[in-house]
Amino acid sequence: MSVLARSVGNAFRNKVRTAAVVAVLAVAIGLALAMLVANQAVTGKVAELNASVGTVLTVNPAGGQGFEGGGEPLTSAQAATAAAVPNVSSVVGTKALRLRNAAEIAAGAASGRTGQGGPGGQSATSVTTSLKAAVDAGTLGNRNQAASGTSGTGTTGSTTAAAPAFSLPITATGIGAEVDSTGKGLQLTQGTGLGNYTAASTGALLGTTLAEKNGLNVGSKFTIQDQTFTVKGLFDAGTAFGNNALYVTLPTAQTLAALPGELSTMIVTVNSMENVDAAKAALQAALGSGKADVTQGQRNLQTAVSSLDSVKNISFIAFVAALGTAGLIILLIMVMLVRERRREIGVLKAIGAPNRTIGLQFVLEALVLVALGSVVGAAVASFASGGIASALISSSSSTTATGQRGGTGGFPGGGFPGGQGGPLGGASQLLTSVTASASPGVIAAGIAAVFGVAIIGALVPALLTARIRPIEVLRGE
Amino acid sequence: MIEVKNLVRTFKSGDRNIKPVNDVSFELEQGTLASIVGKSGSGKSTLLSLLGALDKPTSGDVVVNGVSLASMPDGKLTKYRRRDIGFVFQQFALIPNLSAVDNVMLPMEFAGVRKAARAERARQLLEQVQLDPDKHVRRINRLSGGEQQRVAIARALANEPKLILADEPTGNLDEQTGEHIIELLSTLSRDHNTTILVVTHDRALANKTDRRFRLQQGRLTEEPARNRATAAVTG
Ligand SMILES: Nc1ncnc2c1ncn2[C@@H]1O[C@H](COP(=O)(O)OP(=O)(O)O)[C@@H](O)[C@H]1O
Ligand SMILES: [Mg+2]
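Residues numbered from 1 in each chain as written. Chains lettered and ligands numbered in written order. Predicted model: local features only at pLDDT ≥ 70, side-chain atom pairs only at ≥ 80, totals over all residues. Heavy atoms only, no water.

(A) Representation of the interface of chain B and chain A within the structure. Opposite the 26 residues of chain B that make contact, chain A presents 24 residues. Across the chain B/chain A interface, buried area totals approximately 2,100 Å², and carbon plus sulfur atoms make up 63% of it. On inspection of chain B and its partner chain A, the count reaches one salt bridge. Residue A:R6 pairs with B:E109 through a salt bridge whose shortest N-O separation is 2.7 Å. Counting the contacts that link chain B with chain A gives six residue pairs in polar contact (both at pLDDT 80 or more). (Contact = heavy atoms within 4.5 Å. Buried area = accessible area lost by both parts, 1.4 Å probe. Salt bridge = Lys/Arg side-chain N within 4 Å of Asp/Glu carboxyl O. Polar contact = N/O pair within 3.5 Å; in protein donor to acceptor, adjacent residues only side chain to side chain.)

Rendered as structure tokens:
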């Protein structure tokens, strides 16, 4: 018989009461764990959203966006102005080009189809390449082509009936840093980056599907405007549209377009989420409203993030409260047990038990109860946490849904149904990620916290036993 | 050797003080078997609790082998109870949800005796007090009063104390078992030089002790000494 064995025995002395205590503890512990899981999932998601898009502003020329609209182009001087705005941590200029397969242009000219550069926009001239697009035109592409064919160039001829396969342009973007056109870091799957993005180079990064379509790999060569480029790396943008693209350095793109110092877009990163609104206004003022449009492409996500932030806070408060409740239950139960076993504690002292042995015995007894409560509670939590998280998030996302717009807007081909986020954006994705992330690690951390609180809760009554005098052994005789 | 010096214990009962131990002084040589008789409520249990360091006197002192209990810090008193004292409580004071063996093993556990050794010694002690072997592992609350009393005596002997304080140790025993317990205590004092102080109503037991005290309203008096051998013959 050891202290531990006695503690376990004592924990089961009154089986009905033990069952009741374990049940109550299980509810509190289960709730605490469920809230912790929800909190962790939401915290992770919020961090992810903040890191990726929450602090990024996009600057387009006033009146223009991508290849649409008109107005004056942005310049490198404006990039310097933007960089000087308070709370702006970085400004990345981009220069977008549309690449056309040289052979197809020749074929198109032969069949009387011209003006494939699209309507108006900033790069009316097509830049030719040896690459073939990785995306087939399909119904949407052909419909767009039909529309632009009539309004854009006014050439005669039966556009829809024109048989030669029309293929989509490839988006080439000159970038001033290793980020994609929305400001997210590029996900390179092979090869390296381009090194210095602010110097001209003949390196290029290709989307995985584009490289595959053209049978290219890291080290392969291809041409743009009859100039030879080398594939330095492959990236995966995660969408078919995003992967039908390539990146070169900013000066290279400006040279190819024969428009040095001109930018299509500036991607401005603000130092923190809280400063985004102020920085946006300051940026707009600095650049002049007639010259540039400052947009927050992921506005809807910002709204989602702020509501998720409140879910995060609520779940954390609930976690702490449930944890505190578990601690309080332990405290009260143990105080009750100490009072009830006053005489028995006197017996132990009368036969020479040291205070710490008796205290330890009670702490261990409390931990036995908590261990049982945790097992049942963890089971409860693993069933309930998904439901609780969903309930919390769906109630919060329904309130934000009204403020959300479709798509992410912005960059070249903003009109494309590119699948960059549905109407519910982050929130609906979040639901799946929340249920998926009830990891054993989080549960273990939660149970560790529960045990910590239980030890604190049990310590008070355990210390009370030190005050009980051995003469209690004679009480009630 | 135990010296009791002007021991007083006062309790407040309502607005008046009662003194169940009132200026008690005596000395016992090591190995003495002594008895205390007295009416119910005369202060016998209170006196034993002071000698066993379960309680602190209002005034006076108990000196054990030259060391004063009054000067000992609580930690030392705990050690004194654990190593030097074997207490047989009037109401047994056993842990009800533990078995007889586990109860007897408890003081040895606190004294740091190894598990195998304490199990073996507990079994021997329970045999000495004549508890049926099949009842050794039975829970205390499934044992009769007499059986519990014998477990309580076995527990008091566990750490081979120098002083055994026994409060009515034969009160619940039949005559034959009572005789046996008296023999056991007698042997301990004679062969193991254990000092034993027994509170009893049992004249036969009192007559077999080396020294006999009477407690009356908190005051202790000693009755004329009787030769132990003679007592055994005439008792
Ligand atoms: N803690 C206490 N508080 C008040 N009175 C007490 C307390 N303990 C004992 N007494 C009283 O002291 C007297 C002696 O009690 P006790 O020593 O148990 O007598 P005995 O064992 O001789 O029957 C009794 O009157 C009892 O009520
Ligand atoms: Mg008594």
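(B) Up close: the nonpolar core. Among the nonpolar cores identified, the biggest contains 85 residues, and A:L25, B:L7, B:V24, B:F26, B:L51 and B:L197 are the most heavily contacted of them. If one sorts the elements of this core by residue count, helix 2 (residues 15-54) of chain A sits on top with eleven residues. Other than its neighbours up to four places away in sequence, A:L25 contacts A:G30, A:A326, A:I329, A:I330, A:L369, A:V370 and A:G373. Listed in part, the 34 residues of the second largest apolar core include B:L33, B:A122, B:I140 and B:L205. (Core = buried A, V, L, I, M, F, W, Y, C linked by side-chain atoms within 4.5 Å. Buried < 20%, exposed > 50% of the residue type's maximum accessible area, 1.4 Å probe, protein only. Helix = DSSP H or I, 4+ residues; strand = E, 2+ residues; numbered from the N terminus.)

(C) Up close: the packing of aromatic side chains. Going through the model one piece at a time under the given rule, you end up with five aromatic pairs over all chains. Between A:F316 and A:F319, the aromatic rings sit 6.3 Å apart at their centres with planes inclined by 45°, giving tilted as the arrangement. Placement of both A:F316 and A:F319 in helix 10 (residues 299-340) is noted, with a separation of three residues, approximately one turn of the helix. The exposure class assigned to A:F319 is buried, which follows from its relative accessible area of 8%. Residues B:F87 and B:F89 carry aromatic rings whose centres are separated by 4.5 Å and whose planes lie at 5° to one another, so their mutual orientation is stacked. Among the residues examined, B:F87 registers a relative accessible area of 6% and is labelled buried. Residue class for B:F89 comes out buried when judged on its relative accessible area of 1%. (Phe/Tyr/Trp six-rings, centres within 6.5 Å; stacked < 30°, edge-to-face > 60°.)

(D) Seen up close, the site of ligand 1. Surveying the vicinity of ligand 1 reveals the residues A:R475, B:F11, B:I18, B:P20, B:K39, B:S40, B:G41, B:S42, B:G43, B:K44, B:S45 and B:T46. More than one chain reaches ligand 1: the nearby residues come from chains A and B. In this structure, B:S42 approaches ligand 1 through a main-chain N or O atom, which is 3.2 Å from an oxygen atom. B:G43 places a polar main-chain atom, nitrogen or oxygen, 3.0 Å from an oxygen atom of ligand 1. Bound to the protein, ligand 1 loses 63% of the 560 Å² it would expose on its own. Within the residue set of the shell around ligand 1, elements represented by two or more residues are strand 2 (16-28) and helix 1 (44-51) of chain B. Looking at the shell around ligand 1, its residues break down into three nonpolar, six polar and three charged. (Near = heavy atom within 4 Å. Areas by Shrake-Rupley, 256 points an atom, 1.4 Å probe, with all protein chains shown as cover. Nonpolar A, V, L, I, M, F, W, Y, C, P; charged D, E, K, R; others polar.)

(E) Molecular detail of the environment of B:S186. Mapped onto the elements, B:S186 comes out in helix 6 (residues 175-191). Each C-alpha atom, one on B:S186 and one on B:D210, is 9.7 Å from the other, the two residues being 24 residues apart in sequence.

(F) Focus on a nonpolar patch on the surface. Residue and element names in this part refer to chain A. A grouping of L4, V8 and F12 is seen on the molecular surface, where their side chains present a nonpolar patch of about 230 Å² in accessible area. Tracing the sequence through the fold places F12 in the loop between helix 1 (3-11) and helix 2. According to the relative accessible area criterion, F12 is partly exposed, its value standing at 35%. (Patch = residues over 30% accessible without salt bridge, like charges linked within 9 Å, V, L, I, M, F, W, Y side chains within 5 Å.)

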